[in-house]
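Here is how the chains run, residue by residue.
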Protein chains: 2
Amino acid sequence: MVFGHQKIESRRLLLREIAQRGPVPRIDLAEHTGISRATVTSVTADLLRGRLIEEVPRESRSDESARGRPRVDLKIAGDAHLIAGLKVSDRSISLVLMRFDGTHVADHECPIPTGRLTPIDLATHIRDGLRALAEKAGHDLSDISGVGVGLAGVVDADHGLVYWSPSLDQRNVPFGEVLSDTLGVAVYLDNDANLVAMAELTFGLGKSHSDFIVITIESGVGMGMVLGGQLYRGTRGCGAEFGHTKVHLDGALCRCGQRGCLEAYVADYALVREASSVGGMSLTTPTSQAVSTVLKAAKDGDPTARTVVERAGKMFAMGLANLVNIFDPELVILAGEQMQFDHLYADTVIEEMRKSIVEIDKPAPEVVVHKWGNLMWAQGAAAYALEFVQDTAVGALEDA
Amino acid sequence: MVFGHQKIESRRLLLREIAQRGPVPRIDLAEHTGISRATVTSVTADLLRGRLIEEVPRESRSDESARGRPRVDLKIAGDAHLIAGLKVSDRSISLVLMRFDGTHVADHECPIPTGRLTPIDLATHIRDGLRALAEKAGHDLSDISGVGVGLAGVVDADHGLVYWSPSLDQRNVPFGEVLSDTLGVAVYLDNDANLVAMAELTFGLGKSHSDFIVITIESGVGMGMVLGGQLYRGTRGCGAEFGHTKVHLDGALCRCGQRGCLEAYVADYALVREASSVGGMSLTTPTSQAVSTVLKAAKDGDPTARTVVERAGKMFAMGLANLVNIFDPELVILAGEQMQFDHLYADTVIEEMRKSIVEIDKPAPEVVVHKWGNLMWAQGAAAYALEFVQDTAVGALEDA
DNA sequence: CCAATTTAATTTGCTTTTCGAATTTAAGTT
DNA sequence: AACTTAAATTCGAAAAGCAAATTAAATTGG
């Protein structure tokens, strides 16, 4: 048939719908998908038989009539599969384990040597981390149905190919393959910039929005885009390089070697560099501490520090405004874990952005700040893997 | 059925495929779409019966064996429908008439009063223009199956609503409705920035690329995006405002009232303004002539003019690089009709852009310059309408 | 407490759509 | 003229989904 096996297609569609809407009765599924009630009954029967979903009694609500046959909610069967997600950063790996319904099972953090590793070494560290993670929950590595992996650098997610990553000592590594060989489990690789967007799409505001962008600030500035309910990756797989968007002609030097990058004004190292070179501040302390010093000085009214911090805010607002002007999203999510960057998330910055976007009668996009924890990335990786595991599970359903 | 009437869906799919690939034999259609040969035969039979496509003898090629039953090419039946496209600009309307297969029938240009018009007035001018256009080809307005209309401003294409346009004296006009009432023909409205992208998608490089951006320079700077083979409009329908992307904090004043917009450095009025305010050039002549003067002076080595023009180029390169960094497209198309902007399309500018994008192992996106004629916009509008006419025609096919 | 009512879910029979395999068609080749 | 090759068509069967009818599970009212 045209669209592959169609029955599989509607199974997939309904499974996704149930995953997204949480417990939901059949009649609502029919309503929202446009599939007839008869077919919903038959398809959900298949899913129930395969133990991918389960029926749960519905608690009565005041807003719906209590008469008639009561609705029966369907939800994803949490125990159907285990999914892991992890992100590799410079000195550690963060991991989470979740059930098929996205609920949290365990998390873990394990240190790795700093600097570049061989693919085999990194794969081994990941395997050890996953084993420890599984053990925490009384499981075995082989119980896991899929592992999502986020890696900094340039990654071709479709082919599991790593063009370049700060974590690896080689270029053009088929790391997806290496990893799944090492683990004996299906591995889904992606650029880490996309992970937070994925996490938002699956567990966050994606439930109610289909076009949004997510900005993350850590050491660098990252970005993920969701367009039409789908993660958009560029064509070369190198994610959206918002941090290296130019905000000043021949401006400040960026660690990427170019000039005028947004990152060169707002990243931690940029703040410290400026404050120490211009002001009398001698900052020989490590970066993270030095940043706090600069921010505190700015708050306390030190004029140099204040200028530096204010300019960072203005540049950030300008970069954001450019994004909004180009994409016209419904929503902009600023995600981060560190209080360090509060100055970029400040109302004044957002106000500044609003003033820089093209005005029309419709309201400007909503801006929300999400302070996620450290596991945000790993959870996004798991969300990414979850999609594949869902599809695989649907494909593996036997016919009656 | 799940996806609406499926037969209609496969008819639509095959018609699009034929439209895009030009004359193509059935077996290739089956190959490319994944539809079985049996079904291709039956569906194309329907399309043939409805006279939407026709069989043409295939010229023999050296690269395919001449044995066996020869392939029979299918192509869109040009005479099935007439489609018009038009764009409203400040002092005239440009129109084209094309056949169902996209071939040119006639074009026309008619002046309109400058300044804002009432919706009814503008609709009347459009009707008159269309009548003149149809007459040129020996047709009547009522022979036209669909009209695509491009309007500057903020347009909600899905609802035919014009939030604001420099051509209209009112806001929030349901202009699509007004027009189709006036014309008695189906009207499809869109923001003009999208039209060139549409034209490229349908008649230009869209045949071989699915992710690209199109930049247009006239008086302002416009942009259209094609992502995944589809035109991307923002969520508020206000097109991609590349021209009002900020390239300098608190920079030059733009006619939109904000500061530092790209347009404020590269648009015609910006060049003239700078050259006259700084240099000794007194430019009281009309803008288009003044621009030529500045450009000529720059070429002849006048230092002031040269600085102005060079900076425009650098700013443009920076804006382009930002786009590439964010989208990572396969291709960037610079489209324009006026030789005036050659300085922006120069190799040095493109080279400058290449130096400002994030480097990875894969090659940078291709950049091509398309010097289309004045009718580019109108043709894009027609291409937009063509899609709808195709779908309508498929939907109207009677069953055997 | 039982009949009527209401609403959700399921079953039944049928239609639509597509496909695979066999067949036909239209050429070239020997 | 008989054979080969490859495209297109035909034909019977299977898949998938739907509408309408039916069944199920609750509340409400007398």
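The paragraphs below set out a description of the structure included in this document. Remember, it's a predicted structure, so these values are computed and weren't measured experimentally.

Parameters at a glance
All residue numbers here refer to positions counted from 1 along the written sequence of the relevant chain. Whichever chain is written first becomes A and whichever ligand is written first becomes 1, with later ones labelled in order. Local features in this predicted model are restricted to residues of pLDDT 70 or higher, and side-chain atom pairs are both shown and tallied only at a pLDDT of 80 or more, whereas totals for entire chains, interfaces and linings draw on every residue. Note that the side-chain values use all heavy atoms of the structure and ignore hydrogens as well as water. Secondary structure elements are defined from DSSP: runs of H or I of at least 4 residues count as helices, runs of E of at least 2 residues count as strands, and each element is numbered from the N terminus. Burial classification: accessible surface area is computed with a 1.4 Å probe over protein chains only, and a residue below 20% of its type maximum counts as buried, one above 50% as exposed, and the rest as partly exposed. Exposure was quantified through the Shrake-Rupley algorithm and a 1.4 Å probe, taking into account, for residues, occlusion by the shown protein chains and nothing else. Positive charge is attributed to Lys and Arg, negative charge to Asp and Glu, and no charge count is given to His or to the chain ends. All charge positions are set by atom: Lys at NZ, Arg at CZ, Asp at CG, Glu at CD. N or O atoms closer than or at 3.5 Å make up a polar contact, with two conditions inside protein: a donor-capable atom paired with an acceptor-capable one, and, for residues adjacent in sequence, both atoms drawn from side chains. For two strands to count as paired, DSSP must find a minimum of two bridges between them. Only the six-membered ring of Trp is used, alongside the rings of Phe and Tyr, when aromatic pairs are assigned; centres must lie within 6.5 Å, and planes under 30 degrees apart are stacked while those over 60 apart are edge-to-face, with the rest tilted. Here, over-ring charges are defined by two tests on the NZ atom of lysine or the CZ atom of arginine: distance to the ring centre within 6 Å, and angle to the ring normal within 35 degrees. A cavity here means a set of points on a 1 Å grid, drawn over the protein atoms and nothing else, where a 1.4 Å probe fits but cannot get out; a pocket is an open set with protein on both sides within 12 Å along at least five of seven lines, and a residue lines either one if it has an atom within 4 Å of a point. Grid points are joined across faces, edges and corners, and a volume is the space filled by probe spheres set on the points. Amino acids outside the nonpolar list (Ala, Val, Leu, Ile, Met, Phe, Trp, Tyr, Cys, Pro) and the charged list (Asp, Glu, Lys, Arg) are all regarded as polar, and Gly is one of them. Under this scheme, a helix contributes an axis fitted over its contacting stretch, all axes are lines through C-alpha atoms, and angles between N-to-C directions fall in the 0 to 180 degree range. Comment on the angle field: the value is read as roughly parallel under 35 degrees, roughly antiparallel over 145, roughly perpendicular from 65 to 115, and oblique elsewhere. The contact definition used throughout considers only heavy atoms, calling two residues in contact when any of these lie within 4.5 Å. Think of it this way: one heavy atom of a residue within 4 Å of a molecule or strand is enough to make that residue near it.

Before going further, it helps to examine the overall build of chain A. Within chain A, the regular secondary structure consists of 12 helices and 15 strands. Dimensions along the principal axes, computed over C-alpha positions, put chain A at roughly 75 × 55 × 40 Å. When the 400 residues of chain A are sorted by exposure, 54% land in the buried category. In the form shown here, chain A has an accessible surface area of approximately 17200 Å², with 49% of it arising from carbon and sulfur atoms. With 39 positive and 53 negative side-chain charges, chain A shows a separation of 2 Å between the mean positions of the two kinds.

This paragraph deals with the side chain of His108 of chain B. Residues and elements named next belong to chain B. Relative to the elements of secondary structure, His108 occurs in strand S6 (residues 104-111). Judged by its relative accessible area of 16%, His108 falls in the buried class. Looking at His108, its side chain comes within polar contact range of the side chain of Lys136, at 3.3 Å.

On to the pairing of strand S5 (residues 92-99) of chain A, then. Residues and elements named next belong to chain A. Most of S5 is tucked away: 7 of the 8 residues are buried. When strand S4 (residues 82-88) meets S5, the two strands line up antiparallel, connected through 7 bridges. Bridging from a neighbouring strand, Gly85 pairs with Val96 of S5. Alignment of S5 against strand S6 (residues 104-111), held across 7 bridges, turns out to be antiparallel. Counted as the bridge partner of Ser94 is Glu109 from S6. Remark: 4 residues form the turn of the hairpin made by S5 and S6, two consecutive strands paired antiparallel; Gly102 in that turn has positive phi of roughly 90°.

The subject of this paragraph is the packing of aromatic side chains. Tallied over the entire structure, the rule returns 7 aromatic pairs over all chains. With 5.2 Å between their ring centres and 90° between their planes, Tyr384 of chain B and Phe388 of chain B make a pair best called edge-to-face. Here Phe388 of chain B and Tyr384 of chain B lie together in helix H12 (residues 376-396), a separation of 4 residues that amounts to about one turn. These aromatic residues form a ring-pair network of at least three members: Tyr232 and Phe327 of chain A together with Tyr232 and Phe327 of chain B. Seen from the ring of Trp377 of chain B, Lys87 of chain B lies directly overhead, with NZ or CZ sitting 4.2 Å from the centre.

The next subject is empty space enclosed by the protein. Residue and element names in this part refer to chain A. One pass over the structure, following the stated rule, counts 4 cavities of 30 Å³ or more. Around the largest cavity, the lining residues are Ala264, Tyr265, Ala270, Leu271, Glu274, Val308, Arg311 and Ala312. Of all the elements in the fold, those that place two or more residues in the lining of the largest cavity are helix H7 (263-266), helix H8 (268-278) and helix H10 (303-327). Split by residue class, the lining of the largest cavity holds 6 nonpolar, no polar and 2 charged.

So, on to the packing of H10 of chain A against helix H10 (residues 303-327) of chain B. Closest axis-to-axis distance for the H10 of chain A/H10 of chain B pair is 12 Å, and the angle between their directions is 75°. When the interaxial angle is binned, H10 of chain A and H10 of chain B end up roughly perpendicular. Along the contact surface, H10 of chain A presents Leu323, Ile326 and Phe327 of chain A, while H10 of chain B presents Leu323, Ile326 and Phe327 of chain B. Residues of the contact of H10 of chain A with H10 of chain B, tallied by class, amount to 6 nonpolar, no polar and no charged.

Okay, the protein's contact with DNA strand D next. Not every one of the 26 residues close to DNA strand D is listed here, only the nearest: Ser36 and Thr39 of chain A together with Gly68, Arg71 and Val72 of chain B. Near the protein, within 4 Å, the atoms of DNA strand D are sugar or phosphate in 74% of cases. In this structure, a phosphate oxygen belonging to DNA strand D sits 3.1 Å away from a side-chain N or O atom of Thr41 of chain B. Within the contact set of DNA strand D, a phosphate oxygen lies 2.8 Å away from a backbone nitrogen or oxygen of Val72 of chain B. Taken together, the elements giving at least two residues each to the surface near DNA strand D come down to helix H1 (6-21) and helix H3 (37-49) of chain A together with helix H2 (26-33) and helix H3 (37-49) of chain B. Of the residues assigned to the surface near DNA strand D, the class counts are 10 nonpolar, 8 polar and 8 charged.

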